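Secondary and tertiary structure notes
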Amino acid sequence: QVQLVESGGGLVQAGGSLRLSCAASGLTFSNYAMGWFRQAPGKEREFVATIGWRGSTYGADFVKGRFTISRDNPKNMVYLQMNSLKPDDTAVYYCAARTRAYSTNDASYDYWGRGTQVTVSS
């Protein structure tokens with residue numbers, strides 16, 4: 001049974017930082033691309049960043065220069081380092097997995113975590 005469990009969310013002031021973690025189990029982690037998505041209240045879920053099974057990365061325009069996605073295959077972990085946070089970054093952040101190549105399309109992901117809340121105060 002595949003499980004993805006996010007952690008690291010919380011309340012932070014604008015300009016602050018958070019590091020989200022996602023622990024994966026029940027899958028051959030090194031064969032999977034991982035993605036971070038987010039959903040703010042009243043809005044659709046949107047792509048944040050993704051990392052391929054070989055480590056290549058891609059991020060949404062709004063995170064460039066602020067967020068960094070990384071993975072640790074031996075630990076079955078994926079991370080999202082978020083710096084210079086803004087109130088607009090407030091959302092539930094979800095970790096997702098799909099085989100091989102990374103993707104910005106949430107419909108292409110096979111497994112999802114339950115999410116972790118990030119709240120940025122102004």
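Look above for the structure.
**Describing the sheet that holds strand β7 (residues 67-72)**
Across the sheet, which stays open at both edges, the four strands sit in the order β1-β3-β8-β7 with antiparallel pairing between neighbours. Two strands in the sheet have a free side with no partner beyond their single neighbour: β1 (3-7) and β7. On average, each strand axis in the sheet is inclined to that of its neighbour by 15°, with strand direction left out of account.

**So, the packing of aromatic side chains**
The geometry of an aromatic ring pair comes down to the distance between the two centres and the angle between the two planes. Here the structure, examined in full by the defined rule, presents eight aromatic pairs. Taken together, the ring pairs in this structure connect Phe37, Phe47, Tyr58, Tyr94, Tyr102, Tyr109 and Trp112 into an aromatic cluster. Taking the ring centre of Trp112 as reference, the NZ or CZ of Arg45 above it sits at 3.9 Å. Geometry around Phe29 places Arg71 over its ring, the cationic atom sitting 4.4 Å from the centre.

**Focus on the nonpolar core**
Judged by nonpolar contacts, the single largest core of 28 residues is most densely connected at Met34, Trp36, Val78, Leu80, Met82 and Tyr93. Secondary-structure elements contributing two or more residues to this core are β3 (18-25), β4 (32-39), β5 (46-51), β7, β8 (77-82), β9 (91-99) and β11 (116-121). When neighbours within four sequence positions are excluded, Met82 is seen to be in contact with Gly16, Ser17, Leu18, Leu20, Arg66, Phe67, Tyr93 and Val118. Listed in part, the five residues of the second largest apolar core include Phe47, Ala60, Ala96 and Tyr109.

**Details of the state of the cysteines**
Within the structure shown, the criterion is met by one disulfide. Here Cys22 connects covalently by a disulfide to Cys95, the sulfurs 2.1 Å from one another. Sign of the S-S torsion, about -75° for the bond between Cys22 and Cys95, identifies this disulfide as left-handed. Residue Cys22 is found in strand β3, and its partner Cys95 is found in strand β9; the two are separated by 73 residues along the sequence. Judged by its relative accessible area of 0%, Cys22 falls in the buried class. Overall, the relative accessible area of 0% leaves Cys95 in the buried class.

Quick notes on the rules
Residues numbered from 1 in each chain as written. Predicted model: local features only at pLDDT ≥ 70, side-chain atom pairs only at ≥ 80, totals over all residues. Heavy atoms only, no water. Pairing = 2+ DSSP bridges. Helix = DSSP H or I, 4+ residues; strand = E, 2+ residues; numbered from the N terminus. Axes fitted to C-alpha atoms, helices over the stretch in contact; angles between N-to-C directions. Phe/Tyr/Trp six-rings, centres within 6.5 Å; stacked < 30°, edge-to-face > 60°. Lys NZ or Arg CZ within 6 Å of the ring centre and 35° of its normal. Core = buried A, V, L, I, M, F, W, Y, C linked by side-chain atoms within 4.5 Å. Buried < 20%, exposed > 50% of the residue type's maximum accessible area, 1.4 Å probe, protein only. Contact = heavy atoms within 4.5 Å. Disulfide = S-S within 2.5 Å.

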